[in-house]
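Topology and contacts: notes
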Amino acid sequence: MDLSILNNISYGMYIITTKKEHKNVGCFINSAMQITSKSKILAISLNKDNYTNEVLKETRKCAISILNEKANQKLISKFGYFSSREINKFDEVNYQNISELPVVIEDCCGYIIGEVIRAIDVETHDIFLIRMEQMEKLSDDAPMTYRYYHEVLKGKSPKKAPTYQEEKEEGKANRYQCSICGYIYDDSKEKIKFEDLPDSWTCPMCGVGKDKFIKL
Ligand code: FE
């Protein structure tokens, strides 16, 4: 099976958020699709290991913010590669409390608020069917597609994403992978070898230090 064909399926970049008591939680999703028009049902896919999945099953209410192409890397790495169990992702992020949900506004062209009407168990993931109740366009900026994220921003799928694929070995040069976000530093494609990078160097995707990289 040539799994690369799956890269031709279109996806977007969205931040799903919800609120448990006073705690704001959220994470990135790349799969969201409108299922019906008249009754306005949206389907999203979330890994079962995600804290947001666990919380959403309780709260049943969420906001989905649609990222634009100008989205900053800090926002992407915070919501994509860390867990709301460990950090408050909303620190220093522009969001608004709308309908008692923390809606991310920063670098987003719009948002949708809705209620979970059903969760469908699909092995490693759950599909949540969401009845859309409120939505607002925030700007005319182009929404970021997953292809743009990969090809222009050189982003990688985190392990929990439904589209994650294991990296294939290429060439004989040393390659190092960030254990947090999956970014690969390939000596053959860089001017400086990984070992010669200063200790102050940080992952261009998620900002962690060299010590979090593993030699492949
Ligand atoms: Fe990283």
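Just so it is clear, the model here is predicted, and its values are computed rather than measured.

Cut-offs and rules
Residues numbered from 1 in each chain as written. Predicted model: local features only at pLDDT ≥ 70, side-chain atom pairs only at ≥ 80, totals over all residues. Heavy atoms only, no water. Pairing = 2+ DSSP bridges. Helix = DSSP H or I, 4+ residues; strand = E, 2+ residues; numbered from the N terminus. Axes fitted to C-alpha atoms, helices over the stretch in contact; angles between N-to-C directions. Contact = heavy atoms within 4.5 Å. Donors = N, O, S within 2.8 Å, 3.2 Å for Na, K, Ca; no water. Tetrahedral: all angles 85-135°; square planar, octahedral: opposite > 155°, others 65-115°. Buried < 20%, exposed > 50% of the residue type's maximum accessible area, 1.4 Å probe, protein only. Salt bridge = Lys/Arg side-chain N within 4 Å of Asp/Glu carboxyl O. Core = buried A, V, L, I, M, F, W, Y, C linked by side-chain atoms within 4.5 Å. Domains from an automatic or database assignment. Buried area = accessible area lost by both parts, 1.4 Å probe. Polar contact = N/O pair within 3.5 Å; in protein donor to acceptor, adjacent residues only side chain to side chain. Nonpolar A, V, L, I, M, F, W, Y, C, P; charged D, E, K, R; others polar.

Moving on, we come to the sheet that holds strand 2 (residues 23-29). In spatial order, the strands read 2-1-5-8-9-4-3; together these 7 strands make up an open sheet with antiparallel pairing. The outermost strands of the open sheet, each flanked by one partner alone, are strand 2 and strand 3 (32-36). For this sheet, the mean angle separating the axes of adjacent strands, direction not counted, is 35°. The sheet strands contacting helix 1 (residues 51-59) are strand 1 (14-20), strand 2, strand 4 (41-47), strand 5 (61-67), strand 8 (108-122) and strand 9 (125-137), and the helix crosses strand 1 at an angle near 55°. In the packing of helix 2 (residues 73-81) onto the sheet, the strands contacted are strand 1, strand 2 and strand 5, and the crossing angle to strand 2 comes to about 100°.

For the iron ion, the full set of protein donor atoms is Cys 178 (SG), Cys 181 (SG), Cys 203 (SG) and Cys 206 (SG), at a range of 2.3 to 2.4 Å. For the iron ion, the 4 donor atoms in the first shell make angles of 103 to 115° at the metal, a pattern classed as tetrahedral. Coordination of the iron ion draws on donor residues from a single chain, spaced C-x2-C-x21-C-x2-C in sequence. In this pair, Cys 178 sits in strand 10 (residues 175-178) while Cys 206 sits in the loop between strand 11 (184-186) and strand 12 (213-215), placing the two residues 28 residues apart along the sequence. Grouping residues by exposure puts Cys 178 and Cys 206 together as buried.

Counting across every chain of the model gives 12 salt bridges. With a closest N to O distance of 3.5 Å, Glu 151 and Arg 147 form a salt bridge. Here the residue Glu 151 and the residue Arg 147 both occupy positions in helix 3 (residues 146-151), the gap between them amounting to 4 residues, near one helical turn. For Arg 147, a relative accessible area of 49% puts it in the partly exposed group. The partner of Lys 212 in a salt bridge is Asp 211, with the nearest N and O atoms 3.6 Å apart.

Next up on the list: the environment of Leu 153. Checked against the element boundaries, Leu 153 lands in the loop between helix 3 and strand 10. Leu 153 sits 84 residues away from Glu 69 along the chain, and the two C-alpha atoms are 9.5 Å apart. For Leu 153, the contacting residues outside a window of four places in its chain are Ile 76, Met 144, Tyr 148 and Met 205.

Our next topic: the nonpolar core. Soluble globular proteins tend to bury their nonpolar side chains together. Within the largest apolar cluster, 30 residues are counted, with the highest numbers of intra-cluster contacts made by Leu 67, Cys 203 and Phe 213. For this core, the elements supplying multiple residues, two or more each, are helix 2, helix 3 and strand 10. Ranked by residues supplied to this core, first place goes to helix 2 with 4 residues. For this core, the domains that each give at least three residues are domain 1 (10-151) and domain 2 (175-215). One finds Tyr 14, Leu 42, Ile 112 and Ile 130 within the second-largest nonpolar core, a separate group that totals 15 residues.

Okay, the environment of Ile 35 next. Turning to its location among the elements, Ile 35 is positioned in strand 3. In this structure Ile 35 comes out as partly exposed when scored by relative accessible area, which is 44%. Taking the C-alpha atoms as reference, Ile 35 lies 25 Å from Lys 19; in sequence the two are 16 residues apart. Apart from residues lying up to four places away in sequence, Ile 35 is in contact with Ile 41, Leu 42 and Ala 43.

Moving on, we come to the domain arrangement of the protein chain. For the protein chain, the domain assignment lists domain 1 (10-151) and domain 2 (175-215). With centres defined by C-alpha atoms, the gap from domain 1 to domain 2 works out at 29 Å. Taken together, the contacts link 5 residues of domain 1 with 6 residues of domain 2. Overall, the association of domain 1 and domain 2 removes approximately 450 Å² of surface from exposure, summing both partners, and the carbon and sulfur fraction of that is 66%. The largest per-residue losses of area from domain 1 upon contact with domain 2 belong to Gln 73, Tyr 81 and Phe 82, which jointly make up 83% of the total buried on that side. Across the contact surface, domain 1 and domain 2 share 1 residue pair in polar contact (both at pLDDT 80 or more). In terms of residue class, the side of domain 1 that touches domain 2 is made up of 3 nonpolar, 2 polar and no charged.

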